Amino acid sequence: MFGRGYRFTSVSRTVSDLEAAAKIAKHIFIADDNFTANLKRVKAILMEAIRRGLKFEWSAQVRCEAAKDLELLQLMRQTSCFMV
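Residues numbered from 1 in each chain as written. Predicted model: local features only at pLDDT ≥ 70, side-chain atom pairs only at ≥ 80, totals over all residues. Heavy atoms only, no water.

A. Region of interest: helix α1 (residues 11-22). When the terminal C-alpha atoms of α1 are compared, their 16 Å separation across twelve residues agrees well with the 16 Å that a helix rising 1.5 Å per residue should span. Within α1, the full set of buried residues consists of Thr14, Val15 and Leu18. All buried residues of α1 project into a common sector of 95° when viewed along the axis, lining one side. Looking at the packing, one finds that the buried side of α1 touches β1 (27-30) and α2 (39-51). (Helix = DSSP H or I, 4+ residues; strand = E, 2+ residues; numbered from the N terminus. Expected span 1.5 Å × (residues − 1). Buried < 20%, exposed > 50% of the residue type's maximum accessible area, 1.4 Å probe, protein only. Arc of directions from axis to C-beta. Contact = heavy atoms within 4.5 Å.)

Below, the structure is given as C-alpha cells:
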C-alpha cells in the first residue's frame, strides 16, 4: 500500500477467487484502486474468465485511458462489466 511496487496473485488464482465469489454474489466489485494498471494482466484475467465460461456482473475502478483500448473494452463487455 505504501511501497513503490505492486504484488499480484497469479491470473489463475485471481480467476478462481472470482469464480468462488460469483457463486454467492450477484455483483462483484473488484476492490483495486486501478484494476487496469497492468493491461497485459487484466486482459489475461478476463480471457481466462471467458475461457472458463464464468458469468457474473462486475465493476472496478479504472483510469480513463482504459477507454482507448478497444480489445480491453471488448473483453470487459464479454465478461459482463457493469460499470467502471
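B. Summary view of the sheet that holds strand β3 (residues 81-83). Spatially, three strands are ordered β1-β2-β3 in an open sheet, and the strand pairing comes out parallel. Edge positions in the sheet fall to β1 and β3, since each has one partner strand and no second. On average, adjacent strands in this sheet sit at an angle of 35° to one another, irrespective of strand direction. Relative to β3, strand β2 (residues 57-60) runs parallel, the two sharing two bridges. Pairing of Trp58 across the sheet is with Cys81, part of β3. (Pairing = 2+ DSSP bridges. Axes fitted to C-alpha atoms, helices over the stretch in contact; angles between N-to-C directions.)

C. Molecular detail of the pairing of β2. Sheet topology places β1 next to β2; four bridges connect them, and they run parallel. Residue pairing in the sheet places Ile28 in a bridge with Trp58 of β2. Taking the sense of rotation as the criterion, the β-α-β connection linking β2, helix α3 (residues 70-78) and β3 turns out right-handed. (Right-handed = clockwise from strand over helix to strand, strands pointing away.)

D. Molecular detail of the layout of surface pockets. Each pocket or cavity is described by its volume, and for the largest pocket that value is around 700 Å³. Looking at the largest pocket, it is lined by 24 residues, and the ones nearest its centre are Tyr6, Arg7, Phe8, Ala31 and Asp32. Elements supplying a minimum of two residues to the lining of the largest pocket: α1, β1 and α2. When grouped by side-chain class, the residues that make up the lining of the largest pocket number 13 nonpolar, six polar and five charged. (1 Å grid on protein atoms, 1.4 Å probe; cavity = no way out; pocket = protein on both sides within 12 Å on 5 of 7 lines; lining within 4 Å. Points joined across faces, edges and corners; volume = space filled by probe spheres on them. Nonpolar A, V, L, I, M, F, W, Y, C, P; charged D, E, K, R; others polar.)

E. Quick look at the side chain of Asp69. Structurally, Asp69 is set in the loop between β2 and α3. In this structure Asp69 touches Leu39 and Lys43, once residues within four positions along its chain are discounted.

F. Region of interest: the nonpolar core. Ile30 and Trp58 are the most contacted members of the largest nonpolar core, which has 17 residues in total. If sequence neighbours within four positions are ignored, Ile30 has contacts with Leu18, Phe35, Trp58, Ser59, Ala60 and Gln61. (Core = buried A, V, L, I, M, F, W, Y, C linked by side-chain atoms within 4.5 Å.)

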